[in-house]
Amino acid sequence: MGNLPGIVITGASGRMGQMLLRTVLASDKCRLAGAVERTGNPWVGRDVGEMLGGQHVGVTVTDDALEAFAKAQAVIDFTAPAATVEFAALAAQARAVHVIGTTGLEAEHLAKIAAAARHAVIVRAGNMSLGVNLLVKLTQKVAEALDADWDVEIVEAHHNKKIDAPSGTALMLGEAAAEGRGVSLAQMRESGRDGITGARAHGAIGFSAIRGGDIVGEHDVIFAGAGERVILRHVATDRGIFARGALRAAIWGQNKSPGEYDMIDVLGL
Ligand SMILES: NC(=O)C1=CN([C@@H]2O[C@H](COP(=O)(O)OP(=O)(O)OC[C@H]3O[C@@H](n4cnc5c(N)ncnc54)[C@H](O)[C@@H]3O)[C@@H](O)[C@H]2O)C=CC1
Ligand SMILES: O=C(O)C1=N[C@H](C(=O)O)C[C@H](O)C1
């Protein structure tokens, strides 16, 4: 047990935090080394097992991230952009692999994460599931095969608590479509249509977001041509797919050279 990689989960009380804790506790490939929440969160100072509604597991939730990271080989982080940037610096200081699932990261956050990756292994993806990463590869292939007369639209649906749009997954799919076409997503991106928008720009890559209820995550990539459509779809029904992917990334990252990696690297797709 002592030789298994020790994992710290940040954002322990969150939707993904709880799923990650259960996944690590059930795994025979790693051990739970710590759990972090923000100061003032009711989970801080309490045993992880008790907070999950079961027996004590001997790991107390802390708000001291550096102390927790220093005892671990990997940190799995599905929190919020400001927290993730802070954790990237601390995980690098502790030489722990940092697996980042947090979405909504802006250029300023990405620059700080890239700086941390000069000293430590970081695996970052807007979606850690096998199915979505396969869909990313398929999207790139289809975009390579079809010309810009085929309009690309990405439609995503998530639960009503999600705070960022388009989703991290939708952006990964948009990047894949842009790469397949040999264009820059930043230049071709079109989102949030409302009112008299004018006709669709030729070659645009469009994004639409639906928010409602408890939808885990659904993504369609629509290639709309004249007289026909190709639709690629992924539907997530269980957050366990993201947690299993993140755990796989944490184990894969052990003994890798410092740098920033993604799930395509981890899965070898
Ligand atoms: N890459 C992927 O496969 C997936 C990514 N996500 C992303 O993960 C993130 C979290 O999603 P949810 O779990 O649904 O959100 P949530 O709101 O349920 O959980 C976030 C947790 O982070 C904690 N947190 C925020 N700042 C913190 C800090 N400074 N220190 C410690 N804890 C802090 C919050 O207290 C909360 O418990 C979002 O960005 C979401 O888009 C979600 C699912 C899959
Ligand atoms: O916030 C979520 O829930 C999810 N976020 C990720 C995203 O932004 O794509 C991944 C998944 O779709 C669930």
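Identification of the chain as 4-hydroxy-tetrahydrodipicolinate reductase from Gemmobacter aquaticus is taken from an unreviewed UniProt entry. Its UniProt record gives the chain a comment under Subcellular location (unreviewed entry), which states: "Cytoplasm". Word for word, the UniProt comment on the chain under Pathway (unreviewed entry) is "Amino-acid biosynthesis; L-lysine biosynthesis via DAP pathway; (S)-tetrahydrodipicolinate from L-aspartate: step 4/4."

(A) Up close: the overall build of the chain. Broken down by element type, the chain carries 10 helices and 12 strands. For the chain, the C-alpha radius of gyration of 19 Å lies close to 18 Å, the compact-globule estimate for 269 residues. For the chain, the C-alpha atoms occupy an extent of roughly 60 × 40 × 30 Å along the three principal directions. Taking all 269 residues of the chain together, 49% fall into the buried category. Long-range pairs, those at least 24 residues apart, make up 67% of the contacts in the chain between residues at least 6 apart in sequence. If you sum the accessible surface of the chain, you get close to 13000 Å²; carbon and sulfur atoms cover 50% of it. When the 26 positive and 30 negative side-chain charges of the chain are each reduced to one mean point, those points stand 4 Å apart.

(B) Spotlight on the site of ligand 1. Near ligand 1, the surroundings consist of 21 residues, among which Arg15, Met16, Glu37, Thr103 and Met128 are the closest. A distance of 3.1 Å is found between an oxygen atom of ligand 1 and a side-chain nitrogen or oxygen belonging to Arg38. Within the complex, 83% of the 860 Å² of free accessible area of ligand 1 lies under protein. When grouped by side-chain class, the residues that make up the shell around ligand 1 number seven nonpolar, 10 polar and four charged.

(C) Spotlight on the environment of Glu86. Mapped onto the fold, Glu86 is located in helix H4 (residues 81-93). Linking Glu86 and Gly126, residues 40 residues apart in sequence, is a C-alpha distance of 18 Å.

(D) Representation of the nonpolar core within the structure. Formed by 36 residues in total, the largest nonpolar core has its most connected members in Ile7, Leu21 and Ile76. For this core, the element with the most residues is helix H9 (residues 240-252), which contributes six residues. Sequence-distant contacts of Ile76, that is, excluding residues within four places in its chain, are made with Ile7, Val8, Ile9, Thr10, Leu20, Val99, Ala246, Leu247 and Ala250. Ranked by size, the runner-up nonpolar core spans 22 residues in total, among them Val152, Ile154, Ile205 and Leu232.

(E) The arrangement of the packing of aromatic side chains in detail. Going through the model one piece at a time under the given rule, you end up with two aromatic pairs. Residues Phe69 and Phe87 carry aromatic rings whose centres are separated by 5.7 Å and whose planes lie at 70° to one another, so their mutual orientation is edge-to-face. Of this pair, Phe69 sits in helix H3 (residues 65-70) while Phe87 sits in helix H4, and the two are 18 residues apart along the sequence. Given a relative accessible area of 0%, Phe69 falls into the buried group. You can call Phe87 buried: its relative accessible area is 8%. Ring plane angle 75° and centroid distance 5.1 Å describe the contact between Trp252 and Tyr261, whose orientation is recorded as edge-to-face. Looking at Arg189, its charged tip hangs above the ring of Phe207, at a distance of 5.6 Å from the centre.

(F) View of the side chain of Gln140. Mapping Gln140 onto the fold places it in helix H6 (residues 130-145). Among the residues examined, Gln140 registers a relative accessible area of 19% and is labelled buried. Residue contacts for Gln140: discarding those within four places in its chain leaves Ala176, Glu179 and Gly180.

(G) Representation of the sheet that holds strand E2 (residues 31-36) in the model. Overall, parallel pairing links the seven strands, which are arranged E3-E2-E1-E4-E5-E6-E12 in an open sheet. Both edges of this open sheet fall to strand E3 (61-62) and strand E12 (259-261), since each of them pairs with a single strand only. In terms of strand pairing, strand E1 (residues 6-10) meets strand E4 (residues 74-77) through four bridges, oriented parallel. Across the sheet, residue Ile7 finds its bridge partner in E4, namely Ala74. Along the sheet, H4 makes contact with E1, E2, E4, strand E5 (97-100) and strand E6 (121-124), crossing E5 at roughly 165°. Across the sheet, helix H5 (residues 107-116) is in contact with E5, E6 and E12; its angle to E6 comes to roughly 145°.

The rules behind the values
- Residues numbered from 1 in each chain as written.
- Chains lettered and ligands numbered in written order.
- Predicted model: local features only at pLDDT ≥ 70, side-chain atom pairs only at ≥ 80, totals over all residues.
- Heavy atoms only, no water.
- UniProt positions renumbered as here; feature names shortened; annotations may be inferred.
- Helix = DSSP H or I, 4+ residues; strand = E, 2+ residues; numbered from the N terminus.
- Rg over C-alpha atoms; globule rule 2.2 N^0.38 Å.
- Buried < 20%, exposed > 50% of the residue type's maximum accessible area, 1.4 Å probe, protein only.
- Contact = heavy atoms within 4.5 Å.
- Areas by Shrake-Rupley, 256 points an atom, 1.4 Å probe, with all protein chains shown as cover.
- Lys, Arg positive; Asp, Glu negative; His and termini not counted.
- Charge placed at Lys NZ, Arg CZ, Asp CG, Glu CD.
- Near = heavy atom within 4 Å.
- Polar contact = N/O pair within 3.5 Å; in protein donor to acceptor, adjacent residues only side chain to side chain.
- Nonpolar A, V, L, I, M, F, W, Y, C, P; charged D, E, K, R; others polar.
- Core = buried A, V, L, I, M, F, W, Y, C linked by side-chain atoms within 4.5 Å.
- Phe/Tyr/Trp six-rings, centres within 6.5 Å; stacked < 30°, edge-to-face > 60°.
- Lys NZ or Arg CZ within 6 Å of the ring centre and 35° of its normal.
- Pairing = 2+ DSSP bridges.
- Axes fitted to C-alpha atoms, helices over the stretch in contact; angles between N-to-C directions.

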